[in-house]
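Descriptive structure summary
So you can see what is in the structure, the chains are spelled out below.
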Amino acid sequence: MSSKNDRKSLAATFERHAGEEGKILAQYRVLSEQLGDSPSGFLVNHILTEEEMHHLLLTTVGSWLREHSSADEPAVPAGVNATALLKLTRTLREHEAETIDACRALKAQLPPKEGDLIGTLLDVVTLDSEKHQRLLAAIEKMLAA
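Residues numbered from 1 in each chain as written. Predicted model: local features only at pLDDT ≥ 70, side-chain atom pairs only at ≥ 80, totals over all residues. Heavy atoms only, no water.

**Thoughts on the confidence of the model for the chain**
The predicted model of the chain averages 92 in pLDDT, with 99% of residues at 70 or higher. Here helix H1 (residues 4–35) stands out as the element of the chain with the lowest mean pLDDT, 92, in contrast to helix H3 (residues 82–109), whose mean of 96 is the highest. (pLDDT = per-residue confidence, 0-100. Helix = DSSP H or I, 4+ residues; strand = E, 2+ residues; numbered from the N terminus.)

In structure tokens, the structure reads:
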């Protein structure tokens with residue numbers, strides 16, 4: 001995907017999906033209002049927050065693709081200390097790995113009664129940390145290039 005038109009087309013796809021997410025957000029808000037402050041409502045509010053973040057991500061990716069219409073742009077700014085930043089990203093990835101291990105250990109210790117709500121939340125934090133590790137790994141590749 002190197003041409004300006006390809007990137008504009010991709011931007012439009014992201015923006016179209018963001019519009020669809022906006023409709024889904026309204027449905028999550030209805031569900032959230034109906035469930036209130038119950039345990040299930042707590043989980044729906046978490047989903048709602050993440051859906052809002054997805055909507056923002058899709059919107060900003062679309063805008064970013066339009067503003068940066070060339071794939072020839074360097075992945076990192078000129079003059080950055082790549083070695084120091086690589087060290088920092090590795091430290092952050094280690095932190096994410098520690099978070100994953102801690103969440104899994106906590107989940108293993110939960111009484112069965114707490115498994116549905118707290119266990120699910122620990123799984124979500126684990127997934128988020130795994131996602132952060134993937135993003136940091138991509139940044140490390142860009143810094144090492």
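**Some points on the side chain of Glu140**
Here Glu140 lies in helix H4 (residues 115–144). Overall, the relative accessible area of 8% leaves Glu140 in the buried class. Engagement of the side chain of Glu140 in a polar contact is seen with the side chain of Thr89, the distance being 3.3 Å. At 2.8 Å, the side chain of Glu140 and the side chain of Arg93 are in polar contact. Here Glu140 is in contact with Leu86, Thr89, Arg90 and Arg93, once residues within four sequence places are set aside. (Buried < 20%, exposed > 50% of the residue type's maximum accessible area, 1.4 Å probe, protein only. Polar contact = N/O pair within 3.5 Å; in protein donor to acceptor, adjacent residues only side chain to side chain. Contact = heavy atoms within 4.5 Å.)

**Some details on the packing of H1 against helix H2 (residues 39–67)**
Two elements in contact, H1 and H2, have axes separated by 8 Å at closest approach and are oriented at 160°. Classified by the angle their axes make, H1 and H2 are roughly antiparallel. Between H1 and H2 the crossing geometry is left-handed. Its residues assigned to classes, the contact of H1 with H2 shows 16 nonpolar, 11 polar and eight charged. (Axes fitted to C-alpha atoms, helices over the stretch in contact; angles between N-to-C directions. Parallel < 35°, antiparallel > 145°, perpendicular 65-115°, else oblique. Left-handed = near helix turned anticlockwise from the far one by under 90°. Nonpolar A, V, L, I, M, F, W, Y, C, P; charged D, E, K, R; others polar.)

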